[in-house]
Amino acid sequence: LKVTMNLAKAYSGLGRHDEAVETGERALRETRAAFGDEHRETHRMMGCMARLYTAAGNQDRAITLLKTTLPLMSEEFCLAHLARIPVIVPLLIH
């Protein structure tokens, strides 16, 4: 599953955002199926998806996902990790 998300990140880095999002969504679906919604690996994958959505120019989708994920992730990750996601900074302020 991590390999699939790494492939999605590679696509994103190459500017192949449609493939990145499609591959990342597959990795997230498979992670949810394997671990469930409450597992930290699922939370990590959700954060990765938010970054992929942001890189693809889909900030609305990233923000929607992060609003769901933030309450779950805040217990698992420090704010410094979350702040690496550009669209999350306004959510942290409010």
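Everything quoted here is computed from the prediction, not taken from an experiment. For every chain, the first residue of the written sequence is number 1, and numbering continues from 1 along that sequence. Predicted model: local features are reported for residues with pLDDT of at least 70 only, side-chain atom pairs are reported and counted for 80 or more only, and whole-chain, interface and lining totals are derived from all residues. Note that water and hydrogens are dropped before the side-chain values are worked out from all heavy atoms of the structure.

Let us now look at the packing of helix α2 (residues 17-35) against helix α3 (residues 40-55). Packing of α2 against α3 brings their axes to within 9 Å, and their N-to-C directions diverge by 165°. It follows that α2 is roughly antiparallel to α3 by the angle criterion. For the pair α2 and α3, the crossing hand works out as left-handed. Of the residues in α3, those in contact with H17, A20, V21, G24, E25, L28, T31, R32 and F35 of α2 are E41, T42, M45, M46, M49, L52, Y53 and A55. Among the residues making up the contact of α2 with α3, the classes are represented as 10 nonpolar, 4 polar and 3 charged. The axes are straight lines fitted to the C-alpha atoms, using for helices just the contacting stretch, and the angles between their N-to-C directions are given from 0 to 180°. Numbering of helices and strands starts at the N terminus; helices are DSSP runs of H or I of at least 4 residues and strands are runs of E of at least 2. Angles below 35 degrees are treated as roughly parallel, those above 145 as roughly antiparallel, those between 65 and 115 as roughly perpendicular, and all remaining angles as oblique. Here a crossing is taken to be left-handed if its near helix is turned anticlockwise relative to the far helix by less than a right angle, and right-handed if that turn runs clockwise. Should any heavy atoms of two residues lie within 4.5 Å, those residues are considered in contact. Residues are grouped as follows: Ala, Val, Leu, Ile, Met, Phe, Trp, Tyr, Cys and Pro are nonpolar; Asp, Glu, Lys and Arg are charged; all remaining types, including Gly, are polar.

Attention now moves to helix α1 (residues 2-13). Expected helix span is computed as 1.5 Å times (number of residues minus one). Between the first and last C-alpha of α1 there are 16 Å, a value that for 12 residues agrees with the 16 Å anticipated at 1.5 Å per step. Throughout this description, buried means an accessible area under 20% of the type-specific maximum (1.4 Å probe, protein chains only), exposed means over 50%, and partly exposed covers the range between. By the burial criterion, the buried members of α1 are T4, M5, A8, Y11 and S12. Seen along its axis, α1 keeps its buried residues to an arc of 110°; they face one direction. Opposite the packed face of α1, turned more than 90 degrees from it, sit the exposed residues V3 and G13. Its buried side turned inward, α1 meets α2 and α3. Just downstream of α1, G15 is the residue with a positive phi angle, here 80°. What the arc describes is the spread of directions from the helix axis to the C-beta atoms.

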